[in-house]
Amino acid sequence: MSPSLSPSSSPSSSSTNVVVTITILFFASAREAVGGITSTTVELDINDANTKTLRTKLANLYPKLASFVQDEENITLALNEEYIPMGEVKNLKEGDTVALIPPISGG
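Residues numbered from 1 in each chain as written. Predicted model: local features only at pLDDT ≥ 70, side-chain atom pairs only at ≥ 80, totals over all residues. Heavy atoms only, no water.

Visitor: Teacher, can you tell me more about the overall build of the protein chain here?
Guide: Scanning the protein chain from N- to C-terminus turns up three helices and five strands. In the protein chain, the order of α-helices and β-strands from amino to carboxyl end is β-α-β-α-α-β-β-β. Every one of the 107 residues in the protein chain was classed for burial, and the buried ones make up 30%. Summed over all atoms, the accessible surface of the protein chain reaches about 7100 Å², with 51% contributed by carbon and sulfur. (Helix = DSSP H or I, 4+ residues; strand = E, 2+ residues; numbered from the N terminus. Buried < 20%, exposed > 50% of the residue type's maximum accessible area, 1.4 Å probe, protein only. Areas by Shrake-Rupley, 256 points an atom, 1.4 Å probe, with all protein chains shown as cover.)

Visitor: So what exactly am I meant to see when it comes to the pattern of salt bridges here?
Guide: Pairing is possible between side chains of opposite charge, provided their charged atoms come close. The tally for this structure, following the rule as stated, stands at two salt bridges. For lysine 90, the salt bridge identified is with glutamate 88, shortest N-O distance 3.3 Å. Judged by relative accessible area, glutamate 88 falls into the partly exposed class, the value being 35%. A salt bridge links lysine 93 to aspartate 96; the nearest nitrogen and oxygen atoms lie 3.0 Å apart. (Salt bridge = Lys/Arg side-chain N within 4 Å of Asp/Glu carboxyl O.)

Visitor: How should the layout of surface pockets be read in this particular structure?
Guide: Over the atoms a probe the size of a water molecule is rolled, and this reveals where empty space is left. Computed from the structure, the largest pocket encloses a volume of approximately 180 Å³. In this structure, the largest pocket is lined by 13 residues; those nearest its centre are Arg55, Glu72, Pro85, Gly87 and Glu88. Taken together, the elements giving at least two residues each to the lining of the largest pocket come down to helix 2 (51–61) and strand 3 (76–79). If one sorts the elements of the lining of the largest pocket by residue count, helix 2 sits on top with three residues. Residues belonging to the lining of the largest pocket are distributed by class as follows: six nonpolar, three polar and four charged. (1 Å grid on protein atoms, 1.4 Å probe; cavity = no way out; pocket = protein on both sides within 12 Å on 5 of 7 lines; lining within 4 Å. Points joined across faces, edges and corners; volume = space filled by probe spheres on them. Nonpolar A, V, L, I, M, F, W, Y, C, P; charged D, E, K, R; others polar.)

Visitor: Is there a simple way to explain helix 2 in this structure?
Guide: Owing to its 3.6 residues per turn, the α-helix brings residues three or four apart onto one side. Taken together, the buried positions of helix 2 are occupied by Thr51, Leu54, Arg55, Leu58 and Ala59. What you see down the axis of helix 2 is that its buried residues fit within an arc of 135°, all on one side. In helix 2, those exposed residues whose orientation departs by more than 90 degrees from the buried face are Lys52 and Asn60. Of the surrounding secondary structure, the elements contacted by the buried residues of helix 2 are strand 1 (19–26), strand 2 (39–45), helix 3 (66–69), strand 3 and strand 5 (97–101). Two to three positions downstream of the cap, the backbone nitrogen of lysine 52 sits 3.0 Å from a side-chain oxygen, assigning the N-cap of helix 2 to asparagine 50. (Arc of directions from axis to C-beta. Contact = heavy atoms within 4.5 Å. Polar contact = N/O pair within 3.5 Å; in protein donor to acceptor, adjacent residues only side chain to side chain.)

Visitor: For this particular structure, what's the right way to read the nonpolar core?
Guide: Core analysis: the biggest nonpolar cluster contains 24 residues, and Ile24, Leu58, Leu65, Val98 and Leu100 have the highest contact counts within it. Ranked by residues supplied to this core, first place goes to strand 1 with four residues. When near neighbours in sequence (up to four residues on either side) are disregarded, leucine 100 contacts Ile24, Leu25, Phe26, Phe27, Ala30, Leu58, Leu65, Val69, Ile75, Thr76 and Leu77. (Core = buried A, V, L, I, M, F, W, Y, C linked by side-chain atoms within 4.5 Å.)

Below you can see the structure in the form of structure tokens.
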């Protein structure tokens, strides 16, 4: 008789979706695009938790924000109060805070 898996061992931990929760802060026009909320949390798969994936997720969650968040010239991200240079993709971890900061205009 061949060995079989017991019920407790059949679902492996690799098949379980492990997520990280990220706090998102919205400022100025980004806040307007999401209906005036100042912050929210989003969950990302731990294996794909980075700023590029976050931009895509936010665009899907908030369609009015999509044109802003998918263009790095329209929205700068700050990870834990430090700006992320244009073109860089940063990994995200549980408890991180990402601020969406539109360009500042003035004269």
